[in-house]
Amino acid sequence: MFLSPKKHILSEAIFLAAILRLIELGLSGLIRILLRRGLLETCFGMGQEQVYTLQNVISVVMLLLTAVVFIVALMRVNRYISVIPASDRKEMAALQEEVFGKGNSALTAEVTKKLLRIWSAILVGAQLMYDVSSALYTHFLGVLSAAVDNGSVDSAVRYAFIYNLTHGFKYQGMLVALLLGIIVTEIFLNDRILKIIAYVIAIVFLISSTGIGMATVAVMGDSIGIVWSSVIFHVMDTLGLAVMAVYMRIRYHGV
């Protein structure tokens, strides 16, 4: 059986997950700006360790909300599927195609459920692993920074070089999971555009991780180093997924 053309459970779940991730990044960026300006310590008495704890709490909350999004989506699909007995679902699908046309839905309800499970494993399970590895990487940078002679310009340059060179490793696991999710979705939808986009993102990320140095920009009077592999990953992790969800909703019925 197919979902109603007006039901967009999969694309809505991915879109909401992307929005939650965007909110998390926004809050994390705001906290870093306030920390650099000393406002957190002045107004709230928060030190470096407390700030990291706050960021971890935000990550956990957003991860739990993402899990709720997919649990609710799976419950909705299960409810729609349970309405029709298993023995009648093929006949229902044929009737739906006869009434609404073959463009009624790109995927059956059962396939939509499988894709929801795949994306929940990526945006909840793989995201959890990414959050843990990210915390470990931050600890590594703290140890490295403590070992560097901050008064030496040469040491500072070497630290920036190591920071930029190793930053791509922080994202590779999650990036591969996201690209696999896009490829699997493309296989079910038979949509070459999604496959091409996944390949382009992979190539651009590899180039940015190996051949492009950091850039420095001034934001509100502060100099901030930009790692391009980080920019590409976070754009894909938030806006990229949101755009993909909107694209799926517009192009396909009942997805």
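Residues numbered from 1 in each chain as written. Predicted model: local features only at pLDDT ≥ 70, side-chain atom pairs only at ≥ 80, totals over all residues. Heavy atoms only, no water.

A.B. asks: Is there a simple way to think about the nonpolar core in this case?
C.D. replies: One broad rule of soluble globular proteins: the nonpolar side chains tend to lie buried together. The biggest cluster of nonpolar side chains holds 49 residues, and the ones touching the most others in it are Leu116, Trp119, Leu123 and Leu178. Listed by contribution, the elements that provide at least two residues to this core are helix H1 (9–36), helix H3 (48–83), helix H5 (109–147), helix H6 (153–189), helix H7 (192–211) and helix H8 (228–251). Not counting residues within four places of it along the chain, the set of residues in contact with Leu123 comprises Ala17, Leu63, Thr66, Phe70, Met174, Leu178 and Leu241. (Core = buried A, V, L, I, M, F, W, Y, C linked by side-chain atoms within 4.5 Å. Buried < 20%, exposed > 50% of the residue type's maximum accessible area, 1.4 Å probe, protein only. Helix = DSSP H or I, 4+ residues; strand = E, 2+ residues; numbered from the N terminus. Contact = heavy atoms within 4.5 Å.)

A.B. asks: Explanation requested: a nonpolar patch on the surface in the structure shown.
C.D. replies: A contiguous nonpolar patch, built from Leu22, Trp228, Val231, Val235 and Leu239 and spanning about 390 Å² of accessible area, is present on the exposed surface. The dominant element in the nonpolar patch, judged by the number of residues it contributes, is H8, at four residues. By the secondary structure assignment, Val235 is in helix H8. (Patch = residues over 30% accessible without salt bridge, like charges linked within 9 Å, V, L, I, M, F, W, Y side chains within 5 Å. Areas by Shrake-Rupley, 256 points an atom, 1.4 Å probe, with all protein chains shown as cover. Salt bridge = Lys/Arg side-chain N within 4 Å of Asp/Glu carboxyl O.)

A.B. asks: I would appreciate a short explanation of the pattern of salt bridges in the present structure.
C.D. replies: Pairs can form between side chains of opposite charge whenever their charged atoms are close. Summed over the entire model, instances satisfying the criterion amount to five salt bridges. Of the charged contacts in the structure, one is a salt bridge between Glu12 and Arg76, with a shortest N-O distance of 3.4 Å. Of this pair, Glu12 sits in helix H1 while Arg76 is found in helix H3, placing the two residues 64 residues apart along the sequence. The partly exposed category is assigned to Glu12, whose relative accessible area is 27%. On the accessibility criterion, Arg76 (23% relative accessible area) is partly exposed.

A.B. asks: Looking at this model, I keep getting lost on the side chain of Asp237. Mind explaining?
C.D. replies: With respect to the helices and strands, the residue Asp237 is situated in helix H8. Since its relative accessible area comes to 2%, Asp237 is described here as buried. Asp237 has contacts with Ala18, Arg21, Gln127 and Leu178, leaving out every residue within four places of it along the chain.

A.B. asks: Could you clarify how one ought to interpret the packing of aromatic side chains in this entry?
C.D. replies: Two numbers describe a pair of aromatic rings. These are the distance of the centres and the angle of the planes. Across all of its chains, the model carries four aromatic pairs by this definition. Between Tyr130 and Phe233 the ring centres are 5.5 Å apart and the planes differ by 40°, which places this aromatic pair in the tilted class. Of this pair, Tyr130 sits in helix H5 while Phe233 sits in helix H8, and the two are 103 residues apart along the sequence. In this structure, Tyr130 and Phe233 share a single accessibility class: buried. Measuring from ring centre to ring centre gives 5.9 Å for Tyr137 and Phe140, while their planes differ by 40°; the resulting arrangement is tilted. You can see Tyr137 and its partner Phe140 sitting in helix H5, three residues apart, about one turn around the helix. A relative accessible area of 38% means that Phe140 is categorised as partly exposed. Taken together, the aromatic side chains of Tyr130, Tyr171 and Phe233 make up a single cluster linked through ring pairs. Of note, Arg79 hangs over the ring of Tyr80, and the distance from its end group to the ring centre comes to 5.4 Å. (Phe/Tyr/Trp six-rings, centres within 6.5 Å; stacked < 30°, edge-to-face > 60°. Lys NZ or Arg CZ within 6 Å of the ring centre and 35° of its normal.)

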